[in-house]
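Below, each chain spelled out in residue letters.
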Amino acid sequence: MNGRALPEWRQRPERGHLGLLRFMVRLSLWGGRRLSRAVLHGATLYFLLFAPRPRAASRDYLRRALGRPPTWRERYRHLLSFATTVHDRVYLLNGRFDLFDVEVQGADALLRAMDSGGVLLMGAHLGSFEALRCVGRQRPGLQVSMLMYEDNARQMRAALAAINPEARQDVVPLGRPDSMIEAAQRLEQGHLVGLLVDRSLDADDRALHDFLGGPAAFPVAPWRVAAVLRRPVFFMAGLYLGANRYRLVFEPLADFGTVGRGAARDAAIQAARAAYVERLQAACRQAPFNWFNFFDFWQR
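Residues numbered from 1 in each chain as written. Predicted model: local features only at pLDDT ≥ 70, side-chain atom pairs only at ≥ 80, totals over all residues. Heavy atoms only, no water.

Asks: Describe the overall build of the chain, with residues and values.
Replies: Counting its secondary structure elements, the chain contains eleven helices and nine strands. Counting all 300 residues of the chain, 52% fall into the buried class. (Helix = DSSP H or I, 4+ residues; strand = E, 2+ residues; numbered from the N terminus. Buried < 20%, exposed > 50% of the residue type's maximum accessible area, 1.4 Å probe, protein only.)

Following this line, the structure appears as structure tokens:
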């Protein structure tokens, strides 16, 4: 340990077990989405009753997003939405796009930005990134990669291997000497390259923004990465709307290819990060059951 503070989400590892995941994959592919969804209600009820910290975090977030205390039904729906998006990974990563009704907002602007190369997609633990990645696969020649820190990438690769081994190549781990080179190469090849930028590995590398009625800390490093890569940056979200419906949202945030160095770049980074937080807040209010940070995000 280097003595630096860790954010709360890293102090409490997320629950998960590859054996259980493999069982759910087999059950889901054999029994179909409707039958296997029955298991989700049991898991949701368990967390609602026996996981006090995630339950408290869910209640606090919903109070902020809804502007009032949430009902028990709404708290249950929040946890069920999370379980559903995890469950739907099985189908999305195995090419079962026919099971879903997906609408897209902002695709024209995104495709125009891709005329000169790849685009960075800045997302959050909001809805389903897999919906974005796999719908991208439906378009000939359009490829989607994910930048993740090493520990997260290792866990994601293990999970993807259990769901669909062919999906492992889509994850690019950050923190290695060749990480930026590989990311730049993929952007030059016209990839969409996504990052989830609402969590930080280091509690010291964050900046405060007003978010859903209170100050919250957001990481700074991903925006420095975006400035170095000098590509257009879009906000992204794959919002779960209930049943089998998703809405994919793309909104432009910045184009670092046109920004100089020094003070101009620092100002552009700050403006892009503020625009991201503003759009993230709007998405949380429009689709409040899609926020999946089950810890004290505001660190009250």
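Alright, that's what it looks like, and here's the rest.
Asks: Tell me about the nonpolar core, and name the residues and values.
Replies: Soluble globular proteins tend to pack their nonpolar side chains together in the buried interior. Counting residues in each nonpolar core, the largest one holds 48 residues, and the members touching the most others are M122, L126, F211, W223, F256, Y276 and L280. Leave out the neighbours within four places in its chain, and W223 touches M122, V197, V233, L253, F256, I269, A272, R273 and Y276. F100, V119, M146 and V171 belong to the second-largest nonpolar core, a separate cluster that totals 27 residues. (Core = buried A, V, L, I, M, F, W, Y, C linked by side-chain atoms within 4.5 Å. Contact = heavy atoms within 4.5 Å.)

Asks: Which residues make up the sheet that holds strand β5 (residues 192-196), and what values go with them?
Replies: In space, the seven strands of this open sheet follow the order β1-β9-β8-β2-β5-β3-β4, with mixed pairing throughout. The outermost strands of the open sheet, each flanked by one partner alone, are β1 (101-105) and β4 (171-174). Between one strand and the next, the sheet's axes are offset by a mean angle of 30°, whatever the strand orientation. Its contacts with the sheet place helix α9 (residues 179-188) against β2 (119-123), β3 (144-149), β4 and β5, and it is angled at close to 145° to β4. The strands touched by helix α11 (residues 263-286) within the sheet are β2, β8 (232-242) and β9 (245-255), with β9 carrying the most contacts at an inclination of about 160°. (Pairing = 2+ DSSP bridges. Axes fitted to C-alpha atoms, helices over the stretch in contact; angles between N-to-C directions.)

Asks: With reference to specific residues and values, describe a nonpolar patch on the surface.
Replies: On the surface, a nonpolar cluster with roughly 410 Å² of combined accessible area is contributed by L45, Y46, L49 and F50. Tracing the sequence through the fold places Y46 in helix α3 (residues 38-50). (Patch = residues over 30% accessible without salt bridge, like charges linked within 9 Å, V, L, I, M, F, W, Y side chains within 5 Å. Areas by Shrake-Rupley, 256 points an atom, 1.4 Å probe, with all protein chains shown as cover. Salt bridge = Lys/Arg side-chain N within 4 Å of Asp/Glu carboxyl O.)

Asks: Can you tell me about α3, naming the residues and giving the values?
Replies: Taking 1.5 Å per residue, 13 residues should reach 18 Å; α3 reaches 19 Å between its end C-alpha atoms and fits that length. Listing the buried residues of α3 in full gives L40, T44 and L48. Taken end-on, α3 shows its buried residues confined to a sector of 70°, consistent with a single buried face. Of the exposed residues in α3, the ones pointing more than 90 degrees away from its buried face are A38 and F50. (Expected span 1.5 Å × (residues − 1). Arc of directions from axis to C-beta.)

Asks: Outline the environment of A109, listing residues and values.
Replies: Assignment of secondary structure puts A109 in helix α6 (residues 107-113). Here the alpha-carbon distance between A109 and P252, two residues 143 residues apart in the chain, equals 7.6 Å.

Asks: Quick one: what's the story with the side chain of E74, residue by residue and with numbers?
Replies: Structurally, the position occupied by E74 is in helix α5 (residues 72-92). The class of E74 is buried, set by a relative accessible area of 14%. The residues contacting E74, other than those within four sequence positions of it, are L62, L66, R68 and F289.

Asks: With reference to specific residues and values, describe helix α4 (residues 52-66).
Replies: Compared with an ideal rise of 1.5 Å per residue, which puts 15 residues at 21 Å, α4 spans 21 Å between its outermost C-alpha atoms and is within 8% of the ideal. When α4 is considered as a whole, its buried residues turn out to be P54, R55, A57, S58, D60, Y61, L62, R64 and A65. Contacts from the buried residues of α4 go to α3, α5, β7 (214-219) and α11. Of the residues flanking the end of α4, it is G67, one or two places downstream, whose phi is positive at about 80°.

Asks: Report on the packing of α3 against α5, specifying residues and quantitative values.
Replies: It is at 9 Å that the axes of α3 and α5 come closest, and there the two elements cross at 130°. By the criterion of interaxial angle, the relationship of α3 to α5 is oblique. Between α3 and α5 the crossing geometry is right-handed. Here L40, H41, T44, L45, F47 and L48 of α3 come into contact with α5, specifically with W72, R75, Y76, L79, L80, A83, T84 and H87. Its residues assigned to classes, the contact of α3 with α5 comprises nine nonpolar, four polar and one charged. (Parallel < 35°, antiparallel > 145°, perpendicular 65-115°, else oblique. Left-handed = near helix turned anticlockwise from the far one by under 90°. Nonpolar A, V, L, I, M, F, W, Y, C, P; charged D, E, K, R; others polar.)

Asks: Lay out the pairing of β9 with the relevant residues and their values.
Replies: Where β1 and β9 come together, five bridges link them in parallel fashion. Paired with Q105 across the two strands is V249, which belongs to β9. In the sheet, β8 pairs with β9 via ten bridges, with the strands oriented antiparallel. Bridge assignment links A237 to a residue of β9, and that residue is V249. As consecutive antiparallel partners, β8 and β9 are separated by two residues, and within that stretch A243 has a phi angle of approximately 55°, a positive value.

In short, shape yes, function no, at least from these values alone.
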